[in-house]
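Inside the fold
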Amino acid sequence: MKAAPFAYVRPGTVDDVLAELARGDGKVLAGGQSLVPVLAMRLGRPATLVDINAVEELHRFDRRDDVVRIGAAVRQRTVERDALTRAVPLLGMAMPFVGHRELRSRGTVCGSLAHADPAAELPAVAACLDATVEVAGPAGRRRVPAAEFFVGAMTTGAAADEAVVGVEFPVAAPGEGFGFAEIARRHGDFALAGVVTRVRVADDGAPAQARLTGFGISDRPVTRDVTDLLRAAGEDPTGHGLRPGLADLAGRVVDTGGDAHGSTAYRRRLFAVLAARELARALARARTRP
Ligand SMILES: Cc1cc2nc3c(=O)[nH]c(=O)nc-3n(C[C@H](O)[C@H](O)[C@H](O)COP(=O)(O)OP(=O)(O)OC[C@H]3O[C@@H](n4cnc5c(N)ncnc54)[C@H](O)[C@@H]3O)c2cc1C
């Protein structure tokens, strides 16, 4: 199939992007790695594609105090390769799992957030790290916590006449460790289920806070505080002791219906196994981070 006819515009400023979106029935074009297949399959028929790649401001990728800010036109591959990303280790861990290298050379970090696929890696990283999404619209700019940005499958808190202009990820603090794992049928496929973990330890190495975000398990990334679970499991480098508590959690948070790739029960099991392992890893890493 081929895309239905559409107009194409390439404004040079955020204000002009917003003016184009204000006409109605426009869609932002960032890397095109999700939007173009959607058009080709005629799952969407926007009247106008508003290409944001000529907006200089959106190509900025920098560190400001304790956040790394990524503009809406910055490619995933740029983030994957830049030394700046070491300050946000979870981004570096997740990035190789976002499709294939060729896709990442066009796809943007913010495009992945705006697309909000429930099985995508970067929304889960944003949710686990409490990233802040910056959205511009007719009423000005607003900052949306990731937890509020993802509101359903392929649905975000940004309105049709708004554009994501950037995202801020907090820099990892001393005593923080992270884990990432997913199971996909082939590398580069969307995950059947995946987890992202973040653990902070006190000066004596005891767990002070533990968070876990699951993806591919519901209609959006699901984040839970699991500090008590981690504390109760005691010293267990394999994470095995966490499994009963996480199996219980899986029963409550994994609600993706079964499909040809796996049942709900299988996804629950994946979630619990991956979460236990990645919480144990994050704890071990937190203890070795100065
Ligand atoms: C074969 C294949 C495999 C893939 N595998 C994975 C995978 O494993 N994991 C994964 O996460 N992704 C995967 N993807 C998706 C891909 O990696 C995209 O990079 C990503 O989802 C969207 O980024 P983009 O910049 O290309 O956005 P686009 O395709 O340009 O846009 C996607 C959607 O977001 C909107 N949008 C984009 N930018 C903005 C903005 N700044 N403001 C408002 N709305 C915006 C668009 O209007 C559109 O609706 C895969 C894609 C393909 C084709």
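Source: prediction; values computed, not measured.

Moving on to the domain arrangement of the protein chain. When cut into domains, the protein chain gives domain 1 (7–51), domain 2 (59–170) and domain 3 (176–288). A separation of 21 Å is found between the C-alpha centroids of domain 2 and domain 3. Of the residues lining the interface, 24 residues belong to domain 2; the matching set on domain 3 comes to 21 residues. Counting each side, the surface lost to burial between domain 2 and domain 3 is near 2000 Å², with a carbon and sulfur contribution of 66%. It is Phe 97, Pro 118 and Cys 128 that lose the most area in domain 2 upon contact with domain 3, and together they represent 26% of the buried surface on that side. Where domain 2 packs against domain 3, one counts one salt bridge. Between Asp 130 and Arg 211 there is a salt bridge, with its nearest N and O atoms 3.3 Å apart. Remark: the boundary between domain 2 and domain 3 carries nine residue pairs in polar contact (both at pLDDT 80 or more).

Among all positions of helix H10 (residues 243–253), only Leu 246, Leu 249, Ala 250 and Val 253 are buried. For H10, the angular spread of the buried residues around the axis is 105°, confining them to a single face. With respect to the buried face of H10, the exposed residues turned more than 90 degrees away are Pro 244 and Arg 252. Packed against the buried residues of H10 are strand S13 (207–215), strand S14 (222–225), helix H9 (227–233) and helix H11 (264–288).

How each quantity is defined
Residues numbered from 1 in each chain as written. Predicted model: local features only at pLDDT ≥ 70, side-chain atom pairs only at ≥ 80, totals over all residues. Heavy atoms only, no water. Domains from an automatic or database assignment. Contact = heavy atoms within 4.5 Å. Buried area = accessible area lost by both parts, 1.4 Å probe. Salt bridge = Lys/Arg side-chain N within 4 Å of Asp/Glu carboxyl O. Polar contact = N/O pair within 3.5 Å; in protein donor to acceptor, adjacent residues only side chain to side chain. Buried < 20%, exposed > 50% of the residue type's maximum accessible area, 1.4 Å probe, protein only. Helix = DSSP H or I, 4+ residues; strand = E, 2+ residues; numbered from the N terminus. Arc of directions from axis to C-beta.

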